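Observations on the three-dimensional arrangement
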Amino acid sequence: MIDLKELREHPDRFRNGVRDKCMTVDIDRLLAIDEARRAIITRQETARAEQNRIGKESGPMIGQLKAKFKSANPLEKERITSEIAGLEARPIALKAEVQECDARLAAIEPEWKSLWMLVPQPPAADVPKGKGSEDNIELRRWAPAGWNFAQTFAQNRGFAPRTHLELVKMHGLVDFERGVKMAGTRHYVMTGLGMRLHQAVLRYAIDFMADRRGFTPMGVPVLVKEECMIGTGFFPAGREQAYHIEESVRGSAHDLFLTGTGEVGLMGLHADEILDLHALPLKYCTVSTCFRREAGAAGKDTAGLYRIHQFDKVEQIVVCRADEAESRAWHAQMMETVEMILQSLGLAYRLLQCCTGDLGVKNEDMIDIESWMPGRGAIGSDGAPTGEFGETHSASRLGDFQCRRLNLRYRDETGKLRFAYALNNTVIASPRVLIPILEMHQQADGSVVVPEVLRPFMGGIAKIG
RNA sequence: GGAGAGGUGUCCGAGCGGUUGAAGGAGCUAGUCUCGAAAACUAGUAGUGGGUUUAUCCUACUCGCGAGUUCGAAUCUCGCCCUCUCCGCCA
């Protein structure tokens, strides 16, 4: 969430942020409620202070009077009784005022809070303005030796490509029918070498992060409380995207939600903590099963491994000090990691600077990495798919938005508490990444050459089929 | 599922009706000592909200959360949430 003080002082920064992200949040309404709230608090505080003052003053007096009362004659007793009653009555009007303020706060705070939670992190100043993914800007592209983006797959390789759907069927790598039988649309079963390839990719990525990038691998919950979803910024905006386990209706304490990314578990780890400066930066990675309802995507990418309800992902997060330059340096390092991995897998890809309209609530800067998928896209004049880029990774800078929500802070060198900056990035997501792996490494006969870096994780198998 | 114990500051841990916003220790910061470091010693060190002459102070709230008892609650009562231990069941 955003800093309310910052909002009061520079409301335009947030109005512009909402506009540039093409969202609708009533900033003026929030400011108005916020002002009303502060006015009530001021009033209540004044009353409370007065109450405390009177309490300090009349407390001892009441005590003295009560002591006197014991040894007093009946006439004095009557006088003392009324005097005590008078003293005790003094704070009553104030008590009523305090309670009234409480009631008024309770009346406005739900709206205040929910509006506040909806205000997005403004995009970084250098993020290009745009309406949606069509306005994203390509930063660079890379292809392995022998691959020319200007040519079709057939021109590059000398034969027409098969789609990953054909390839997995041909080699028995995925069983879609039985996946659908058991769990419904957008479900699948990884089988045989398909499962081994899937596991190889994940294990390769985890080892890469641990051994070559110095990240600490973690196993985190994928079933979490609502606070984790809110804290990481996925709720309330993305609520319909998450599977909801309604344990409370069965008499259990609280509901649970299935996470759509390992980021939730990794970032939630240190929620409500105050870290020592030297504990930063936190560099964590995890492999976790990710669950997505894909609400609103009905009819989109219905076939194959592209858009599915359950997949596995190696995710990396960095929590660093509140320093923009440091955050940008980590962002660049994350991109470098992804490029190293994609290059080692022999995949062609491009980096896109996402425009303001393509950013989510929580990020201020995002780079998408799209891998070339020869089997996607329209059918060309030669009867083969023309190929298309498909998003396989994305790397985000969140500023302090997420740590503010998670209440994750550290003490800086002056002893001041600060919300840390957070970043996150896909290291690899499978089975989606199997699409370009299978399609780019297919041979004329339909066999698929396993990228060399994966072979140690597949019992040395060099070729499928 | 049955029985019990407990949730206190950055962390550990005392307090169980009133000068306790909170002992003691660790950590951290500064200083002394040292060629330097370690050790030792000395001092400082809670959070949140609000106000403000905005860098300094004032103020309110906070000992899991919420309500209650009381002149007064971290301390007593009730409800809720969470954690741990033992037994049962089980991957």
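In case you missed it, the structure is sitting above this.
Right, let's walk through the structure included here. Every residue gets a number counted from 1 within its own chain, in the order that chain's sequence is written. As they are written, the chains are lettered A onward and the ligands numbered 1 onward, keeping that order. Totals for whole chains, interfaces and linings use every residue, but because this is a predicted model, local features are given only for residues with pLDDT of at least 70 and side-chain atom pairs only at 80 or more, for both listing and counting. Note: side-chain values were computed over all heavy atoms of the structure, leaving out hydrogens and water.

Moving on, we come to the packing of aromatic side chains. Within 6.5 Å between ring centres, the rings of Phe, Tyr and Trp (the latter by its six-membered ring) count as paired, and their orientation is classed by plane angle as stacked under 30 degrees, edge-to-face over 60, tilted in between. Summed over the entire model, instances satisfying the criterion amount to 10 aromatic pairs. Ring centres of F149 and F389 lie 5.6 Å apart, and the angle between their planes is 40°; on these two criteria the pair is classed as tilted. Of this pair, F149 sits in the loop between β1 (137-142) and α6 (153-157) while F389 sits in strand β13 (residues 388-397), and the two are 240 residues apart along the sequence. Categorising residues by exposure relies on relative accessible area from a 1.4 Å probe, with only protein chains included: less than 20% of the type maximum marks a residue as buried, more than 50% marks it as exposed, and the intermediate range marks it as partly exposed. F149 sits in the partly exposed class, given a relative accessible area of 22%. Three or more aromatic residues joined by ring pairs make a cluster, and in this case those are W147, F153 and F159. Over the ring of F149 we find R141, and its NZ or CZ is 4.7 Å from the ring centre. Each helix is a run of H or I in the DSSP string that is no shorter than four residues. Each strand is a run of E no shorter than two, and both are numbered from the N terminus. We call a charge positioned over a ring when the NZ of a Lys or the CZ of an Arg lies within 6 Å of the ring centre and within 35 degrees of the ring normal.

Once that is clear, we can look at empty space enclosed by the protein. Note on definitions: the grid is 1 Å and covers protein atoms alone; a cavity is a set of points where a 1.4 Å probe fits but cannot get out; a pocket is an open set with protein on both sides within 12 Å along at least five of seven lines; lining residues have an atom within 4 Å of a point. Grid points are joined across faces, edges and corners, and a volume is the space filled by probe spheres set on the points. Tallied over the full model, the rule gives 1 cavity of 30 Å³ or more. Estimated volume of the largest cavity: approximately 30 Å³. As for the largest cavity, its lining consists of M117, L118, G233, F235, P236, A237, V361 and R405. Residues are grouped as follows: nonpolar covers Ala, Val, Leu, Ile, Met, Phe, Trp, Tyr, Cys and Pro; charged covers Asp, Glu, Lys and Arg; every other residue, Gly included, is treated as polar. Considered class by class, the residues forming the lining of the largest cavity number 6 nonpolar, 1 polar and 1 charged.

Moving on, we come to helix α9 (residues 192-213). If you check α9, its first and last C-alpha atoms are 31 Å apart, about what 22 residues at 1.5 Å a residue would give, namely 32 Å. Once α9 finishes, G214 follows within two positions and takes phi at roughly 70°, a positive value. By this rule the span expected of a helix is its residue count minus one, scaled by 1.5 Å.

Whenever a helix is involved, its axis is fitted only over the stretch in contact; in every case the axis is a line through C-alpha atoms, and angles between N-to-C directions fall within 0 to 180 degrees. It is at 12 Å that the axes of α9 and helix α12 (residues 324-344) come closest, and there the two elements cross at 130°. Judged by the inter-axis angle, α9 sits oblique to α12. Here α9 and α12 pass one another in a crossing that is right-handed. Contact residues: α9 offers Y204, F208, M209, R212 and R213, while α12 offers Q333, E336, T337, M340, I341 and S344. The class makeup of the residues in the contact of α9 with α12 is 5 nonpolar, 3 polar and 3 charged. Between 65 and 115 degrees an angle is taken as roughly perpendicular, under 35 as roughly parallel, over 145 as roughly antiparallel, and anywhere else as oblique. The crossing is said to be left-handed when, going from far helix to near helix, the turn is anticlockwise and less than a right angle, and right-handed when the turn is clockwise. The contact criterion used is simple: two residues touch if any of their non-hydrogen atoms lie within 4.5 Å.

This brings us to the sheet that holds strand β8 (residues 274-275). Between any two strands, at least two bridges found by DSSP are needed for them to pair. Reading across from one edge, β8-β14-β15 is the order of the 3 strands in this open sheet, with mixed pairing throughout. With partners counted over all chains shown, the strands left at the sheet margins are β8 and β15 (417-419), one partner each. Relative to strand β14 (residues 409-411), β8 runs parallel, the two sharing 2 bridges. Across the sheet, L275 pairs through a bridge with Y410, a residue of β14.

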